[in-house]
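Residue-level structure breakdown
Listed here are the chains, written in short residue letters.
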Amino acid sequence: MTAVGYIVGEVQTDEFKFVTNREIAPPRLEYIVVQVNSPAGTIDVLAQVTALSVASRLLDTSLSYTEVESILTRLRSSPPIVQGTAKVLGYLDESGSVRFPRHAATPGSQVTLAPDDLLRRFFSLNIQSGIEIGTLINRPTVPVLLDPNGLRRHLAVIAQTGAGKSYTVGVILEKLLQLGGTVVVFD
């Protein structure tokens, strides 16, 4: 797994911050993994990058234009601090079920990119004849599968105008019909 940073600051079970640099910083919405120690052992916890920020300790917002110009002239640069925020999504237990961790990661823990195989297992858990409705935004090789068994009674697709509701519903209906499903649509 490719290292992309280290956890810093206060860590919660549902969110953490990490430092990285411009060369290896994962983009927003990318999936990352951290190891969390629990009484049962070490678990790989999946998280998603929700925000990235760039700051400078030298170039504070209280400085004037002239002061900033003077600092940059003398130092030639101000190394940026790249910090990410990640939302914890959970981990796969021994049975393959998605669980939420009861313990937080430790500051200083390494942050790595999530492998495609883990993402496939995490997002397509126990789906036999899944309906492929697309791929993950940052991982075009990881399909997103919809479990047709979860569509036994009702389904609503809600989004703003132009977001692709009609297209998405069309893809789902075509796949359901191919699987021998019965469909009634109210539009």
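This text goes with the structure placed above it.
A short tour of the structure in this document, coming up. Please read all numbers here as calculations on a predicted model, not as lab measurements.

Quick look at helix α2 (residues 116-123) now. Among the residues making up α2, those that are buried are Leu118, Leu119 and Phe122. Down the axis, α2 shows its buried residues gathered within 100° of arc, on one side only. As for α2, its buried residues are in contact with β3 (31-38), β4 (41-55), β5 (81-92), β6 (98-99), β8 (131-136) and β9 (139-146).

Tracing the sequence through the fold places Thr112 in strand β7 (residues 110-113). Residue Thr112 is classed as buried on the basis of its relative accessible area, which comes to 8%. For Thr112, the contacting residues outside a window of four places in its chain are Met1, Thr2, Ala3, Val4, Ile32 and Val33.

Moving on: the packing of aromatic side chains. Applying the stated criterion across every chain yields a total of three aromatic pairs. The interplanar angle of 55° and the centroid separation of 6.3 Å between the aromatic rings of Phe16 and Phe18 together place this pair among those described as tilted. Each of the two residues, Phe16 as well as Phe18, counts as buried. Relative to Phe123, the ring of Tyr31 has its centre 5.3 Å away and its plane inclined at 65°; by these criteria the two rings are edge-to-face. Highlighted residues: Tyr31 in strand β3 and Phe123 in helix α2, separated in sequence by 92 residues. With a relative accessible area of 28%, Phe123 lands in the partly exposed category. Among the aromatic residues, those joined into a ring-pair cluster are Tyr31, Phe122 and Phe123.

Attention now moves to the nonpolar core. Counting residues in each nonpolar core, the largest one holds 17 residues, and the members touching the most others are Ile7, Phe16, Phe18, Ile32, Val34, Val45 and Val111. Every element with two or more residues in this core is listed here: β1 (3-8), β2 (15-20), β3, β4 and β5. Take this core: its biggest share by element is four residues, from β4. Grouped together as the second largest cluster of nonpolar side chains are ten residues, Val33, Leu92, Phe122 and Leu136 included.

Turning to empty space enclosed by the protein, a few remarks are in order. If you walk through the whole model with that rule in mind, you get one cavity of 30 Å³ or more. Of the voids in this model, the largest cavity is the one considered here, and its volume is about 50 Å³. Val11, Gln12, Thr13, Phe16, Val34, Val36, Val45, Val88, Pro101, His103, Ala104 and Ala105 together form the lining of the largest cavity. Here the residues of the lining of the largest cavity are counted per class, giving nine nonpolar, three polar and no charged.

Definitions and cut-offs
Residues numbered from 1 in each chain as written. Predicted model: local features only at pLDDT ≥ 70, side-chain atom pairs only at ≥ 80, totals over all residues. Heavy atoms only, no water. Buried < 20%, exposed > 50% of the residue type's maximum accessible area, 1.4 Å probe, protein only. Helix = DSSP H or I, 4+ residues; strand = E, 2+ residues; numbered from the N terminus. Arc of directions from axis to C-beta. Contact = heavy atoms within 4.5 Å. Phe/Tyr/Trp six-rings, centres within 6.5 Å; stacked < 30°, edge-to-face > 60°. Core = buried A, V, L, I, M, F, W, Y, C linked by side-chain atoms within 4.5 Å. 1 Å grid on protein atoms, 1.4 Å probe; cavity = no way out; pocket = protein on both sides within 12 Å on 5 of 7 lines; lining within 4 Å. Points joined across faces, edges and corners; volume = space filled by probe spheres on them. Nonpolar A, V, L, I, M, F, W, Y, C, P; charged D, E, K, R; others polar.

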